Amino acid sequence: MGAASLDPTERFLRACRGEPVDRPPVWLMRQAGRYLPEYRAVREGVSFLEMCRDVDRTVEVSLQPLELVGTEAVILFSDIFVPVPGMGVELDFAPGPVIEAPIRTLLQAEALCVPDPRESVPYVFESLRRLRAELATRDIPLLGFAGAPFTLAAYLVEGSGSNDFNALKRMMFRTPQVLKVLLARLTEMVCAYLQAQIEAGAQAVQLFDTWAGLLSPRDYQEWVLPTHRQIAAKLDHSRAPLILYVKDSSHVLDFMVESGVDVISVDWRVEMAEAARKAGQKVSVQGNLDPCALQAAPEEIAARVREISEAARAARGHILNLGHGCLPDTPVEGVRAFTAAAKALAP
Ligand code: CP3
């Protein structure tokens, strides 16, 4: 079959595996979100967690970006913290996650349970099954995701978001045995969670290790890389390719390439040409427009899209995306210009 007649699912999966495609597929992290008035309408009057547990609303907002902004993949609307209360951790969103009792001791880490996600968060899998059925006739790929152990641990130890997550770094150096137990429990949870998402119909899964780039290369190699390797080794990649996102990752690209994932996803601070060169024939690349660049005029956005896709050619495959999530103040027109520019790329 020629690459000229690819449907969006084929194009996406081929790009993940480094097989020939006509042009890169396009989607955006946080493509369903507050920048869309239609999202805000569905979100009105319910808390974020209520919304994640409501299958009808979840399905509706997950699908919104397809028609409204023309993306070529659907990511389940949820959050990396959705499976965490099932481990015995109370949390809320305000708007980011706030942990009632931050984890600081061995006793707390050892008390974390790893439930069967199909029992602790059944609505996640119900939403995925519904979405997969909705998308089947349109040949649009469905993506699942999980927070990576290190990034989940960063919030669980700190108690909330932070610029430097110093509480976690303190734990790394003062009581490494606590962090070891915490990461082991989270790794076990993430493996079970992603596996169950694949069984419920996710055709690719993304691991969000947003904050792992805060570590030195040496500490990343010791604390983060083994968790990625364990997760990559547990999943059936022939059923669903694995994408790894790390923000601010210039200094750890080699480790990302060697982690066993199929695609590395990088932010705008990384030179795409460098990431693509390192990726080579080993992995594909995803990214990496600065979300703020969607404020630019459509022709400027199109020029950036052409630059990025050109720079990504050294890699075996490229998925066009932002370098981080779409921001609440993003103009809808900017998102449309981004997907339109991707679809206009020459083979
Ligand atoms: O990409 C998608 O569209 C899927 C949905 C998704 C959300 N969060 C929805 C969300 C995904 C994949 C995430 C991942 C996530 N959540 C990460 C990793 C990726 C990243 O962005 O760095 C992290 C660190 C979180 C934790 C989190 N959740 C924060 C820090 C916040 C507050 C910041 C913000 O954007 O509001 C959230 C809340 C959240 N997660 C919202 C959404 C749409 C906003 C909720 C609302 O509508 O009020």
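Relevant structure appears above.
Residues numbered from 1 in each chain as written. Predicted model: local features only at pLDDT ≥ 70, side-chain atom pairs only at ≥ 80, totals over all residues. Heavy atoms only, no water.

As for its position among the elements, Asp 139 is in the loop between α7 (122-136) and β4 (142-147). Along the sequence, Asp 139 and Leu 294 sit 155 residues apart, while their C-alpha atoms lie 27 Å from each other. Not counting residues within four places of it along the chain, the set of residues in contact with Asp 139 comprises Asp 7, Pro 8 and Thr 9. (Helix = DSSP H or I, 4+ residues; strand = E, 2+ residues; numbered from the N terminus. Contact = heavy atoms within 4.5 Å.)

The next point concerns the pattern of salt bridges. Applying the stated rule across the entire model yields 20 salt bridges. A salt bridge links Glu 72 to Arg 23; the shortest N-O distance between them is 2.7 Å. Separated by 49 residues along the polypeptide, Glu 72 in the loop between α4 (55-69) and β1 (74-75) and Arg 23 in the loop between α1 (8-17) and α2 (37-43) bring together distant segments of the chain. Here the two residues Glu 72 and Arg 23 agree in accessibility, since each one is buried. In this structure, the salt-bridge partner of Glu 300 is Arg 304, at a minimum N-O distance of 2.8 Å. With Glu 300 and Arg 304 both in helix α15 (residues 298-311) and 4 residues apart, this pair spans about one turn of that helix. (Salt bridge = Lys/Arg side-chain N within 4 Å of Asp/Glu carboxyl O. Buried < 20%, exposed > 50% of the residue type's maximum accessible area, 1.4 Å probe, protein only.)

Moving on: the site of the ligand. Surrounding the ligand, one finds 23 residues, the nearest of these being Arg 30, Arg 34, Tyr 39, Asp 79 and His 324. Contact between the ligand and Gln 31: an oxygen atom at 3.4 Å from a main-chain N or O atom of the residue. Contact distances for the ligand include 2.8 Å between an oxygen atom and a side-chain N or O atom of Arg 43. Surface burial for the ligand is 89%, taken as the share of its 870 Å² of free accessible area covered by protein chains. Its residues assigned to classes, the shell around the ligand shows 14 nonpolar, 5 polar and 4 charged. (Near = heavy atom within 4 Å. Polar contact = N/O pair within 3.5 Å; in protein donor to acceptor, adjacent residues only side chain to side chain. Areas by Shrake-Rupley, 256 points an atom, 1.4 Å probe, with all protein chains shown as cover. Nonpolar A, V, L, I, M, F, W, Y, C, P; charged D, E, K, R; others polar.)

So, about the sheet that holds strand β9 (residues 318-322). Backbone-to-backbone hydrogen bonds pair the strands of a sheet. The strands run either parallel or antiparallel. Spatially, 7 strands are ordered β1-β4-β5-β6-β7-β8-β9 in an open sheet, and the strand pairing comes out parallel. Only two strands of the sheet have a single neighbouring strand rather than two, namely β1 and β9. On top of the sheet, helix α14 (residues 272-279) reaches β8 (284-289) and β9; it is set at about 170° to β8, its chief contact. (Pairing = 2+ DSSP bridges. Axes fitted to C-alpha atoms, helices over the stretch in contact; angles between N-to-C directions.)

Burial within β4 is extensive, with 6 of its 6 residues counted as buried. The alternating pattern of β4 places Leu 142, Gly 144 and Ala 146 on one face and Leu 143, Phe 145 and Gly 147 on the opposite face, and all of these are buried. Bridge count for β1 against β4 is 2 bridges, and the pairing is parallel. Within β4, the position partnered with Val 74 by the bridge is Leu 142.

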